[in-house]
Amino acid sequence: MHTSPEGDRPAPADRDPHVTGPHAGYDRYGRFDHYYYRCERCGLESTDPALVRGCPRCGDAPGGPDA
Ligand SMILES: [Zn+2]
């Protein structure tokens, strides 16, 4: 068994740097319920891991998110 202090899961090179996560989501009782991802640019949150590869709301915006 070989584990490094940096973690054994390298970050995908193609992930959107503005999307953070996975964050732990909790149910009404404060128990772990799910993971979610969040776009720091527009605030979109999703449980879909595909969000880390690019925020659909920012990425699909005509003229770019800063226009
Ligand atoms: Zn976004």
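An account of the accompanying structure is given in this report.

Definitions and cut-offs
- Residues numbered from 1 in each chain as written.
- Predicted model: local features only at pLDDT ≥ 70, side-chain atom pairs only at ≥ 80, totals over all residues.
- Heavy atoms only, no water.
- Helix = DSSP H or I, 4+ residues; strand = E, 2+ residues; numbered from the N terminus.
- Buried < 20%, exposed > 50% of the residue type's maximum accessible area, 1.4 Å probe, protein only.
- Contact = heavy atoms within 4.5 Å.
- Areas by Shrake-Rupley, 256 points an atom, 1.4 Å probe, with all protein chains shown as cover.
- Pairing = 2+ DSSP bridges.
- Phe/Tyr/Trp six-rings, centres within 6.5 Å; stacked < 30°, edge-to-face > 60°.

**Here we look at the overall build of the chain**
Broken down by element type, the chain carries one helix and three strands. From first element to last, N terminus to C terminus, the chain shows the α and β order β-β-β-α. Taken across its 67 residues, the chain has 15% of its residues classed as buried. Summarising the internal contacts of the chain: among those between residues at least 6 apart in sequence, 17% fall at separations of at least 24. Total accessible area on the chain is roughly 5,400 Å²; 49% of this is exposed by carbon and sulfur atoms.

**A few points about the sheet that holds strand E3 (residues 45-46)**
One open sheet accounts for three strands, arranged E1-E2-E3; its pairing is antiparallel. Each of the sheet's edge strands pairs with one partner strand only, and the pair in question is strand E1 (19-26) and E3. As defined by bridge partners, E1 adjoins strand E2 (residues 32-39) across six bridges and the pair is classed as antiparallel. Note on E2: the bridge partner recorded for Gly25 is His34.

**Notes on the packing of aromatic side chains**
All told, the structure shown has two aromatic pairs when counted by the stated rule. On the numbers, 6.5 Å between centres and 85 degrees between planes, the contact of Tyr26 with Phe32 is edge-to-face. Aromatic ring contacts, followed pair by pair, group Tyr26, Phe32 and Tyr35 into a single cluster.

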